[in-house]
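Letter by letter, the chains look like this.
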Amino acid sequence: DGGITQSPKYLFRKEGQNVTLSCEQNLNHDAMYWYRQDPGQGLRLIYYSQIVNDFQKGDIAEGYSVSREKKESFPLTVTSAQKNPTAFYLCASSLPPGELFFGEGSRLTVL
Amino acid sequence: KQEVTQIPAALSVPEGENLVLNCSFTDSAIYNLQWFRQDPGKGLTSLLLIQSSQREQTSGRLNASLDKSSGRSTLYIAASQPGDSATYLCAVRGQSSYAAGNKLTFGGGTRVLVKP
């Protein structure tokens, strides 16, 4: 089945640690996106990539990093510089400017 | 800057009643508009995509309308069921260039409860 796979579903991080969230898609989509969702704040765009080896900052990129070495993969690293990383993270993909599809999300909690 | 608003933030209806969900946006220069459903703790599921040239789009019990001139879209869900309980979000894609990423602007969502 075609779709977007995010892992892990739940992740716990200690203060000062970097963690990486995985996002893989087999939809052959060119564009991939990372969003952060907090209660009462809606979805906010962290980073997006429209083509392999290229990506752009979204609205809240500080404290995050990404790579796009393969069309299918767009991992997100939450660095220790992100002051409030506890959130629900959503990966999405599309053939722009078409329909956007989402993964099931990863919940990160800082201990 | 595009702003997308969904009012009310929460809605409760008895089973069988038709649901009417509203989405308004400030910049009418849009490329398309997409409606999503989100269950608690889950990702977003795409329901309908309406291109800017379309007035409505239908899928089963769902019907979405688009009025660009007034900056509004409405999602109708006929004969609601308890399984329709979820948060519904709309998102607007502006007529931006490829370089700008064709990004979507999301509304805050409407949380729906359908009571048996």
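These numbers come from a predicted model, not from an experiment.

Participant: Help me out: how do you make sense of the pattern of salt bridges in this one?
Facilitator: Opposite charge on two side chains permits them to pair, given that their charged atoms come into close proximity. Residues and elements named next belong to chain B. Going through the model one piece at a time under the given rule, you end up with five salt bridges over all chains. Across the salt bridge formed by aspartate 39 and arginine 37, the nearest N and O atoms sit 3.0 Å from each other. For arginine 61, the salt bridge identified is with aspartate 84, shortest N-O distance 2.9 Å. With arginine 61 in the loop between strand E6 (56–59) and strand E7 (62–67) and aspartate 84 in the loop between strand E8 (72–77) and strand E9 (86–94), this pair connects stretches of sequence that are 23 residues apart. The exposure class of aspartate 84 is buried, given its relative accessible area of 6%.

Participant: Could you clarify how one ought to interpret the interface of chain B and chain A in this entry?
Facilitator: Frequently, the measure chosen for interface size is the accessible area that the parts lose on association. Residue-level contacts link 21 residues of chain B with 21 residues of chain A. When the two sides are added together, the surface that chain B and chain A hide from each other amounts to roughly 1,800 Å², 53% of it contributed by carbon and sulfur. At the boundary of chain B and chain A, one finds zero salt bridges. For the interface between chain B and chain A, the tally reads five residue pairs in polar contact (both at pLDDT 80 or more). Taken together, the elements giving at least two residues each to the side of chain B that touches chain A come down to strand E4 (30–38), strand E5 (44–51), E9 and strand E10 (104–106) of chain B. The dominant element in the side of chain B that touches chain A, judged by the number of residues it contributes, is E4(B), at five residues.

Participant: Mind showing me how you'd approach the sheet that holds E7(B) here?
Facilitator: Strand pairing in a sheet relies on backbone hydrogen bonds, with the paired strands running either antiparallel or parallel. Residues and elements named next belong to chain B. Read across the sheet, five strands follow the order E1-E3-E8-E7-E6 without closing on themselves; strand pairing throughout is antiparallel. Here the strands that pair on one side only, and so sit at the sheet edges, are strand E1 (4–5) and E6. In terms of strand pairing, E1 meets strand E3 (residues 19–25) through two bridges, oriented antiparallel. Bridging from a neighbouring strand, valine 4 pairs with phenylalanine 25 of E3.

Participant: Could you clarify how one ought to interpret a nonpolar patch on the surface in this entry?
Facilitator: On the surface, a cluster of nonpolar side chains totalling about 390 Å² of accessible area is made up of A:Tyr10, A:Phe12 and A:Leu111. Among the secondary structure elements, A:Leu111 is positioned in the segment after strand E11 (106–110).

Participant: Help me understand the sheet that holds strand E7 (residues 64–66) of chain A in this model?
Facilitator: Residues and elements named next belong to chain A. Strand order across the open sheet formed by four strands is E1-E3-E8-E7, with antiparallel pairing between neighbours. Two strands close off the open sheet at either side, each with one partner strand: strand E1 (4–7) and E7. If you compare each strand with its neighbour and ignore which way they point, the axes differ by 20 degrees on average. Inspection of the sheet shows strand E3 (residues 19–25) paired to strand E8 (residues 76–78) by three bridges, in the antiparallel sense. Among the inter-strand pairings, threonine 20 is bridged to a residue of E8, identified as threonine 77.

Participant: Which parts of the structure should I look at to understand the environment of B:Ser69?
Facilitator: Residues and elements named next belong to chain B. Relative to the helices and strands, serine 69 is located in the loop between E7 and E8. A relative accessible area of 72% places serine 69 in the exposed class. When the C-alpha positions of serine 69 and alanine 29 are compared, they lie 9.2 Å apart, and in sequence the two are 40 residues distant.

Participant: Explanation requested: the side chain of B:Gln6 in the structure shown.
Facilitator: All names here are of chain B. Summarising the element assignment, glutamine 6 is placed in the loop between E1 and strand E2 (10–14). Judged by relative accessible area, which is 7%, glutamine 6 ranks as buried. Separated by 3.0 Å, the side chain of glutamine 6 and the backbone oxygen of tyrosine 88 make a polar contact. A distance of 3.0 Å separates the side chain of glutamine 6 from the backbone nitrogen of glycine 109, its partner in a polar contact. In this structure, glutamine 6 is in contact with Asn22, Cys23, Trp35, Tyr88, Leu89, Cys90, Gly107, Gly108, Gly109 and Thr110, ignoring residues within four places of it in sequence.

Participant: Explain the state of the cysteines here, please?
Facilitator: Every disulfide links exactly two cysteines, by a covalent bond between their sulfur atoms. Scanning the model with the defined rule gives two disulfides over all chains in all. Covalent S-S linkage joins A:Cys23 and A:Cys91, the inter-sulfur distance amounting to 1.9 Å. Sign of the S-S torsion, about -75 degrees for the bond between A:Cys23 and A:Cys91, identifies this disulfide as left-handed. Of the two residues, A:Cys23 is situated in strand E3 and A:Cys91 in strand E9 (residues 87–94); the sequence distance between them amounts to 68 residues. The burial state of A:Cys23 is the same as that of A:Cys91; both residues are buried. There is a disulfide in this structure between B:Cys23 and B:Cys90, and the S-S distance comes to 2.0 Å. The disulfide joining B:Cys23 to B:Cys90 has a torsion of about 80 degrees about its S-S bond and is therefore right-handed. Here B:Cys23 is found in strand E3, whereas its partner B:Cys90 is found in strand E9, with 67 residues between them in sequence.

Conventions adopted
Residues numbered from 1 in each chain as written. Chains lettered and ligands numbered in written order. Predicted model: local features only at pLDDT ≥ 70, side-chain atom pairs only at ≥ 80, totals over all residues. Heavy atoms only, no water. Salt bridge = Lys/Arg side-chain N within 4 Å of Asp/Glu carboxyl O. Helix = DSSP H or I, 4+ residues; strand = E, 2+ residues; numbered from the N terminus. Buried < 20%, exposed > 50% of the residue type's maximum accessible area, 1.4 Å probe, protein only. Contact = heavy atoms within 4.5 Å. Buried area = accessible area lost by both parts, 1.4 Å probe. Polar contact = N/O pair within 3.5 Å; in protein donor to acceptor, adjacent residues only side chain to side chain. Pairing = 2+ DSSP bridges. Patch = residues over 30% accessible without salt bridge, like charges linked within 9 Å, V, L, I, M, F, W, Y side chains within 5 Å. Areas by Shrake-Rupley, 256 points an atom, 1.4 Å probe, with all protein chains shown as cover. Axes fitted to C-alpha atoms, helices over the stretch in contact; angles between N-to-C directions. Disulfide = S-S within 2.5 Å.

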